[in-house]
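This is what each chain is made of:
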Amino acid sequence: MRYCIVGAGFSGAVIGRALAEAGHKVLVIDERLHVAGNCHSQRDPQTGVMTHVYGPHIFHTGDERVWAYVQRFGAMRPYRHRVQAVAGGMVYSLPVNLLTINQFFRKVMGPEEARAFVATKTRPISNPANFEEQALSMIGADFYEAFFRGYTRKQWGLDPTQLPASILKRLPLRFDYDDSYFAHPHQAIPERGYTELVAAILDTPNLELRLGARFEDLTEAFAHVVYSGPIDRYFHYELGRLGYRTLDFETIRAKGDYQGTAVVNYCDEATPYTRITEHKHFAPWEKVKIEGTILYREFSRFCGKNDIPYYPIRQTNEEAMLKKYVDRAMATPGVTFVGRLGSYRYLDMDVTIGEALAAAEAMLERIATTADIPVFFAPPLQHA
Ligand code: UDP
């Protein structure tokens, strides 16, 4: 019997390939008409720009195994992500670094002076219980108000006091002029786009890819199902719907260079969108040849029934619902839940790939010894 992998994003592609390479027959399905999930990239027919269809995706990792893995499937071009932030009518550099600190406070401080200065602005909170407390203890009220409070309210539709501290912990605070958005040693964009990269992962004997196919409509029996769709959907939402944020994009096309960089964040709450992405800057190796430009104005809102889920919200009530789904899943033989939607976690691409590689390895071991395959390899509740 074949193995069925639901979802042709990074999780499904990596696991599907590993099973197929080990000699198993695999069917990978996706209800969309393209692979790569929300990483999908496509060349805009009007401008010729490679567009990140579901918003900006920048590959970055410190995991050598993951880095070697992605490079097997296509060239990765160096790309250093930098973000500018508009706040109160000024443009600053993010994440908060020495340039941001000096410009914001109109000072000329060196690293140690700035560190001491920012310390006078922060509030000592030993165990920050939420996003706001984390921000006040890490960067202080001035930066929090200017860059994080409004943006976060727009992005999450919640007050930062209702959000976990872990969301802000994704971002560093730097006392030097390093303005790289990510700290990882490997930062890159696939030369031919994410979709080509994922298609290459899926291109292997023993693996059938079926697009435009819903798991709910399949009738054949499988040796095991690996499900990277939303865990609540697998159970027909019987215990309720887990909350997600979804994104809407307003497309702007223009000539030349519109904003001079890939991403500009708009931190003021009065500006309805969160950021503007100018896609051609993600491919510096080809942008010189491209005259036109395409941009997305990004708006965040609660994910409704027919919307595409992006960010798991994971508030307290959702944690309780998730626990019930996890219990239900643990009592369901024949299926393993993986990835961002399968485990309802905010995962970066490299973590997704790393987890998928580990899950595939563990699965193959169990298959070889005819042991039961676990329902989760990365338990959703340990990552709350
Ligand atoms: N954030 C913010 N202002 C910014 C950038 C980020 O308030 O200009 C907050 C926001 O809550 C966001 C979080 O920091 O969800 C993490 O930022 P990151 O850039 O990692 O978000 P992502 O790229 O996943 O959208």
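Everything in this summary refers to the structure shown in the same document. As the structure is a computational prediction, the values presented were derived from the model and not from experiment.

**Examining the site of the ligand**
For step 1, the next point in the chain: Around the ligand, the structure places 17 residues, and the nearest of them are R170, Y181, N265, Y311 and Y346.
For step 2, the next point in the chain: Contact between the ligand and N265: an oxygen atom at 2.8 Å from a side-chain N or O atom of the residue.
For step 3, the next point in the chain: Measuring from an oxygen atom of the ligand, one finds a side-chain N or O atom of Y311 at 2.6 Å.
For step 4, the next point in the chain: Broken down by element, the shell around the ligand gets its largest block of residues, 6 residues, from helix α6 (residues 141-156).

**As for the side chain of T274**
For step 1, the next point in the chain: Tracing the sequence through the fold places T274 in the loop between β13 (263-266) and β14 (275-278).
For step 2, the next point in the chain: Setting aside residues up to four positions removed in sequence, T274 forms contacts with Y151, K154, Q155, V264, N265, Y266 and E298.

**Description of unusual backbone geometry**
For step 1, the next point in the chain: Of note, the amide linkage connecting L94 to P95 takes the cis form, showing an omega dihedral of -5 degrees.
For step 2, the next point in the chain: Relative to the assigned elements, P95 resides in the loop between β8 (90-94) and α3 (98-104).
For step 3, the next point in the chain: Non-glycine residue R106 carries a positive phi angle of around 50 degrees.
For step 4, the next point in the chain: Its location among the elements puts R106 in the loop between α3 and α4 (111-121).
For step 5, the next point in the chain: Its relative accessible area of 75% is what places R106 among the exposed residues.
For step 6, the next point in the chain: Unusually for a residue other than glycine, H236 sits at a positive phi of about 55 degrees.
For step 7, the next point in the chain: Its place among the elements puts H236 in the loop between α9 (231-234) and β12 (244-255).

**Looking at α6**
For step 1, the next point in the chain: A rise of 1.5 Å per residue sets the reference length of α6, with its 16 residues, at 22 Å; its end C-alpha atoms lie only 20 Å apart and thus fall more than 12% short of the reference.
For step 2, the next point in the chain: Its maximal kink placed at F148, α6 deviates by approximately 40 degrees.
For step 3, the next point in the chain: Among the residues making up α6, those that are buried are F143, Y144, A146, F147, F148, G150, Y151, T152, K154, Q155 and W156.
For step 4, the next point in the chain: Downstream of α6 by a residue or two, G157 has a phi angle that is positive, lying close to 65 degrees.

**Focus on empty space enclosed by the protein**
For step 1, the next point in the chain: One pass over the structure, following the stated rule, counts 2 cavities of 30 Å³ or more.
For step 2, the next point in the chain: What the largest cavity holds in volume is close to 80 Å³.
For step 3, the next point in the chain: Considering the residues around the largest cavity, the lining is formed by S11, F337, V338, G339, S343, R345, T352, E355, A356, A359, F377 and A378.
For step 4, the next point in the chain: Mapped by element, the contributors of at least two residues to the lining of the largest cavity are α12 (339-343) and α13 (349-368).
For step 5, the next point in the chain: Here the element with the most residues in the lining of the largest cavity is α13; it accounts for 4 residues.
For step 6, the next point in the chain: Class assignment for the residues of the lining of the largest cavity results in 6 nonpolar, 4 polar and 2 charged.
For step 7, the next point in the chain: For the second largest cavity, the full set of lining residues is M50, H52, I189, P190, E191, G193, H279, F282, A283, W285 and E286.
For step 8, the next point in the chain: Secondary-structure elements contributing two or more residues to the lining of the second largest cavity are β4 (50-52), β9 (186-190) and α10 (284-287).
For step 9, the next point in the chain: Residues of the lining of the second largest cavity, tallied by class, amount to 6 nonpolar, 3 polar and 2 charged.

**Observations regarding the sheet that holds β8**
For step 1, the next point in the chain: Strand order in the open sheet formed by 7 strands is β8-β7-β13-β14-β15-β12-β16, with mixed pairing between adjacent strands. Of all the strands in the sheet, the pair left with one neighbour each is β8 and β16 (311-312).
For step 2, the next point in the chain: Taken together, the 2 bridges between β12 and β16 define a ladder with antiparallel strand orientation. Looking at β16, one finds that Y244 is bridged to P312.

**Considerations on the pairing of strand β7 (residues 83-87)**
For step 1, the next point in the chain: A large share of β7 lies buried, amounting to 4 of its 5 residues.
For step 2, the next point in the chain: Hairpin connection, β7 to β8: the antiparallel pair is bridged by 2 residues, and G88 has positive phi, about 55 degrees.
For step 3, the next point in the chain: Sheet analysis places β7 next to β13, joined by 4 bridges and oriented parallel. When the sheet's bridge partners are listed, A85 is paired in β13 with N265.

**A few points about the packing of aromatic side chains**
For step 1, the next point in the chain: As enumerated under the stated definition, the model contains 30 aromatic pairs in all.
For step 2, the next point in the chain: Seen in terms of ring centroids, Y227 and F337 are 5.7 Å apart; in terms of plane orientation they differ by 70 degrees. Their pairing is edge-to-face. Placement of Y227 in strand β11 (residues 224-227) and of F337 in strand β17 (residues 335-337) is noted, with a sequence separation of 110 residues between them.
For step 3, the next point in the chain: Relative to F235, the ring of Y234 has its centre 5.0 Å away and its plane inclined at 80 degrees; by these criteria the two rings are edge-to-face. As far as the burial class goes, Y234 and F235 line up, both buried.

**Looking at the nonpolar core**
For step 1, the next point in the chain: Ranked by size, the top nonpolar core spans 113 residues in total, and within it I15, F147 and F337 carry the most contacts.
For step 2, the next point in the chain: Beyond its immediate sequence surroundings of up to four residues, I15 is in contact with I5, V226, V338, A356, A359, A360 and M363.
For step 3, the next point in the chain: Core analysis: the next-biggest nonpolar cluster, separate from the first, contains 8 residues, V86, V264, Y266 and L295 among them.

Criteria and cut-off values
- Residues numbered from 1 in each chain as written.
- Predicted model: local features only at pLDDT ≥ 70, side-chain atom pairs only at ≥ 80, totals over all residues.
- Heavy atoms only, no water.
- Near = heavy atom within 4 Å.
- Polar contact = N/O pair within 3.5 Å; in protein donor to acceptor, adjacent residues only side chain to side chain.
- Helix = DSSP H or I, 4+ residues; strand = E, 2+ residues; numbered from the N terminus.
- Contact = heavy atoms within 4.5 Å.
- Buried < 20%, exposed > 50% of the residue type's maximum accessible area, 1.4 Å probe, protein only.
- Expected span 1.5 Å × (residues − 1).
- Bend = angle between axes of the 7 residues up to and from the residue.
- 1 Å grid on protein atoms, 1.4 Å probe; cavity = no way out; pocket = protein on both sides within 12 Å on 5 of 7 lines; lining within 4 Å.
- Points joined across faces, edges and corners; volume = space filled by probe spheres on them.
- Nonpolar A, V, L, I, M, F, W, Y, C, P; charged D, E, K, R; others polar.
- Pairing = 2+ DSSP bridges.
- Phe/Tyr/Trp six-rings, centres within 6.5 Å; stacked < 30°, edge-to-face > 60°.
- Core = buried A, V, L, I, M, F, W, Y, C linked by side-chain atoms within 4.5 Å.

Coordinates in, geometry out; function isn't part of it.
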